[in-house]
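Examining the three-dimensional arrangement
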Amino acid sequence: MELVFVRHGEPRWAVDGVSQIDPHLTERGNRQALLTAERLAAEKRPVREILVSPALRSQETAKPLAALTGVEPVTVPDLVEIRMPDWTGMLEATVQRIFAEGRDRSPEEWWNGIEGGESFRDFHERVTSAMLRILDERGIRPDPAHRHLWRFSGEPGRVVIVAHGGTNAVVLGFLLGADPTPWEWERFILYHASIARLRAIHLAGGHVFSLRTFNDREHLPKDIRTR
């Protein structure tokens, strides 16, 4: 089994200076999405499934991959990014100031999240529970006796997950057995339209997830690489 994690392309976070809650991709973001799709579709191992966050930026990133592979994307609501407060109509400059000032929060405040938004505790539980369900539905379950081993009763093939920097970082840390922090997207930094791959390999009487690539952007020209 191979899990391919794709972060969405560059989103249009602001329109006329006003923050967008569920933004579309920029023109550059759409180009990033197409190039990512062309790379994955051209690789020897076929894409068997595409799972995608419900956010517009993820849906639009998955669209060209679906067109090139003929695989219909399946939306998984719990793969959406950590939920922010309702900033409808707020100036983008104000939102950026809130994020900048929030970097100096204490670890406990980081765990609690930004006031009015989802706590990181709830986000981590939501995303990892969704991943456990995804794997369970494909015959993959944690080994009850060994934290880092997994039991397989099937071979799902290659599954592409199109989601977010935070979501993908949480899942990568979880499947690799790393203790969580409330700033996973800063520990595992994934740029727009980047690719990270985990491959399940037989080991120690079970399977382990092996990190093969991380934040791979070789398919993107340097002038359209964004964070």
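My aim in this report is to walk through the structure given alongside it, one point at a time. In every chain, residue numbers begin from 1 and rise along the written sequence. Only residues with pLDDT of at least 70 get local features here, since the model is predicted, and only at 80 or more are side-chain atom pairs given and counted; chain-wide, interface and lining totals rely on the full set of residues. Excluding hydrogens and water, the side-chain values take into account all heavy atoms of the structure.

Comments concerning the pairing of strand β9 (residues 195-203)
Short version of the rule: Strand pairing is assigned whenever DSSP detects at least two bridges linking the two strands. Labels follow the DSSP assignment, with helices taken as runs of H or I lasting at least four residues and strands as runs of E lasting at least two, numbered in each case from the N terminus.
Of the pairings in the sheet, the one linking strand β1 (residues 2-7) to β9 comprises five bridges and is antiparallel in character. What sits directly across from Leu-3, in β9, is Leu-198. The pairing of β9 with strand β10 (residues 206-216) spans eight bridges and is antiparallel. In the sheet register, His-202 faces β10, and the bridge partner there is His-207. Adjacent in sequence and paired antiparallel, β9 and β10 are bridged by two residues, among which Ala-204 carries a positive phi angle near 55°.

Observations regarding the pattern of salt bridges
Note the threshold: By convention in these notes, a salt bridge is any Lys or Arg side-chain nitrogen within 4 Å of a carboxyl oxygen on Asp or Glu.
Inspection of the entire model under this criterion finds 20 salt bridges. In this structure, Arg-121 engages Glu-108 in a salt bridge whose closest nitrogen and oxygen atoms are separated by 2.9 Å. With Arg-121 in helix α5 (residues 120-136) and Glu-108 in helix α4 (residues 107-112), this residue pair connects regions lying 13 residues apart in the sequence. For Arg-126, the salt bridge goes to Glu-118, with nearest N and O atoms at 2.7 Å.

Observations concerning the pairing of β1
Put simply, the rule is: Accessible area is worked out with a 1.4 Å probe on protein chains only. A residue is then buried under 20% of its type maximum, exposed over 50%, and partly exposed in between.
Counting buried positions over the six residues of β1 gives six, a clear majority of the element. Sheet topology note: the β1/strand β8 (residues 158-163) ladder contains six bridges and is parallel. If you follow Val-4 over to β8, its bridge partner there is Val-160.

Some thoughts on the environment of Ala-196
Operational definition: By definition, residues are in contact when any of their heavy atoms lie within 4.5 Å.
Of note, Ala-196 is situated in strand β9. The exposure class assigned to Ala-196 is buried, which follows from its relative accessible area of 0%. In this view, Ala-196 contacts Leu-3, Val-4, Phe-5, Leu-172, Leu-190, Thr-213, Phe-214 and Asn-215; residues no more than four positions away in its chain are not counted.

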